Amino acid sequence: RTVYLNGEYLPEAEAKVSIFDRGFVMADGVYEVTSVLDGKLLDFPGHLTRLSRSLAELGMGNPHSDAEWLEIHRQLVARNEIVEGIVYLQVTRGNPGDRDFAYPPEGTPQTVVLFTQSKPGLAANPQAQTGLKVVSVEDLRWSRRDIKTVQLLYPSMAKMEAKARGADDAWLVEDGFVTEGTSNNTYIVKNGTIITRQLSTDILHGITRASLLRFAAEAQMKIEERPFTIEEAQSADEAFFTSASAFVLPVVEIDGAKVGGAKVGPVATRLRELYLEESLKSAI
Ligand code: PLP
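Residues numbered from 1 in each chain as written. Predicted model: local features only at pLDDT ≥ 70, side-chain atom pairs only at ≥ 80, totals over all residues.

Engineer: Is there a simple way to think about the domain arrangement of the protein chain in this case?
Structural biologist: Interface size is commonly expressed as the accessible area that is lost once the parts come together. Here the protein chain is partitioned into domain 1 (2-118) and domain 2 (127-281). Contributions of two or more residues to the side of domain 1 that touches domain 2 are made by strand E3 (29-37), helix H2 (44-57) and strand E5 (85-92). Class assignment of the residues belonging to the side of domain 1 that touches domain 2 gives a composition of eight nonpolar, eight polar and five charged. (Domains from an automatic or database assignment. Helix = DSSP H or I, 4+ residues; strand = E, 2+ residues; numbered from the N terminus. Nonpolar A, V, L, I, M, F, W, Y, C, P; charged D, E, K, R; others polar.)

Engineer: What exactly am I supposed to notice about the site of the ligand here?
Structural biologist: The environment of the ligand is formed by 13 residues, the closest being Leu204, Gly206, Ile207, Thr208 and Ala244. Elements with a minimum of two residues in the shell around the ligand: helix H6 (207-218) and strand E13 (238-243). Looking at the shell around the ligand, the element that brings in the most residues is H6, giving three residues. Here the residues of the shell around the ligand are counted per class, giving four nonpolar, seven polar and two charged. (Near = placed C-beta within 6 Å.)

Engineer: What am I meant to see in the sheet that holds E3 here?
Structural biologist: The pairing of strands in a sheet comes from backbone hydrogen bonds and takes either a parallel or an antiparallel form. Strand order across the open sheet formed by six strands is E2-E1-E6-E5-E3-E4, with antiparallel pairing between neighbours. Of all strands in the sheet, those bounded by a partner on one side alone are strand E2 (8-11) and strand E4 (40-41). Here E3 pairs with E5 via eight bridges, running antiparallel. Its bridge partner lying in E5, glutamate 32 is registered against leucine 89. (Pairing = 2+ DSSP bridges.)

Engineer: How should I be thinking about the environment of tyrosine 154 in this particular structure?
Structural biologist: Tracing the backbone shows tyrosine 154 in helix H5 (residues 153-164). Owing to 16 C-beta atoms within 10 Å, tyrosine 154 belongs among the partly exposed residues under this scheme. Residues tyrosine 154 and tryptophan 142 lie 12 residues apart in sequence; the distance between their C-alpha atoms is 9.2 Å. In contact with tyrosine 154, not counting residues within four places along its chain, are Leu140 and Arg141. (Buried ≥ 20, exposed ≤ 12 C-beta atoms within 10 Å, placed from the backbone. Contact = placed C-beta atoms within 7 Å.)

Engineer: It is not clear to me how the packing of H2 against H6 should be interpreted in this structure. Could you clarify?
Structural biologist: Two numbers describe a pair of packed helices, the interaxial angle and the distance between the axes. The N-to-C vectors of H2 and H6 enclose an angle of 135 degrees; their axes lie 9 Å apart at closest approach. On the basis of the axis angle, H2 is oblique to H6. Crossing of H2 over H6 shows right-handed handedness. Along its contact with H2, which presents Gly46, His47 and Arg50, the element H6 presents Ile207, Ala210 and Ser211. When the residues that make up the contact of H2 with H6 are grouped by side-chain class, the tally is two nonpolar, three polar and one charged. (Axes fitted to C-alpha atoms, helices over the stretch in contact; angles between N-to-C directions. Parallel < 35°, antiparallel > 145°, perpendicular 65-115°, else oblique. Left-handed = near helix turned anticlockwise from the far one by under 90°.)

Engineer: Any chance you could explain the packing of H6 against helix H8 (residues 266-281) here in plain terms?
Structural biologist: Look at H6 against H8: their axes get within 10 Å of each other, and the N-to-C directions meet at 105 degrees. When the interaxial angle is binned, H6 and H8 end up roughly perpendicular. Where H6 approaches H8, its residues Ser211, Leu212, Phe215 and Ala216 are matched on the opposing element by Leu271, Leu274, Tyr275, Glu278 and Ser279. Within the contact of H6 with H8, the residues separate by chemical class into six nonpolar, two polar and one charged.

Engineer: Which parts of the structure should I look at to understand the pairing of E2?
Structural biologist: Working note: regular strand, side chains alternate between the two faces of the sheet. Sheet topology note: the strand E1 (residues 2-5)/E2 ladder contains four bridges and is antiparallel. By the bridge assignment for E2, valine 3 is matched with leucine 10. Linking E1 to E2, which pair antiparallel, is a turn of two residues; within it asparagine 6 sits at a positive phi near 45 degrees.

This is the structure:
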């Protein structure tokens, strides 16, 4: 696999980063994941806008222009012959030379890493037909979840707990309400209305979420942005989640309670089709 590191395209085995890098020692970095379908990038402008925002929130500059980011993504997709898959992008505050809580001086070069993962069958994921099981886990992450940092230990722990409990993923709960999934935004459907938590610092502002809600509104579907509980989700008609690499995937069981008779519902199915169709139109 060819990867990108600080201006160079390299075989992955040759891409080396310092042990002092703040991404490694402090989880001081941000990332983006953009999906690729038909060799094209989905929702790309949205991912770049969020990247800029994450960097700015942490007092980091953006090392590349949008045109440069696009060129690097396209190079990696082409060099690795990605038809379906993802491009992962990470920017860290770089290598200060020593471990120190204070940020390194301005002008310290950031570390920029991008790599691809080929995922044949991403669009034809059979889980879209069978649905997934989730369990609730307390949300113990920090309170700036709107910044897409590489600090992913707690979501990993929650995912492992979900697997240990026989589920596919965890829905995180804070003050009695679902915030989001370990790596996705969460939704329920009741009487045809799509319900999803409103944007705040409590959740990541999903790019797939933004596009899907726009497509759903354009299709005259009803949307309510508000928090919901696990109990409300269990008695909903449908439940589902979104992320760049999952698109829209249905949830048919929550904490052992079947949702919608444990069958994948029409709204989640329609929204998955709608998202794939519409986002491909603007793929670049
Ligand atoms: N919420 C969290 C915590 C995430 O990690 C992610 C994606 O990785 C999402 C939501 C979904 O965001 P997006 O649709 O931009 O992939």
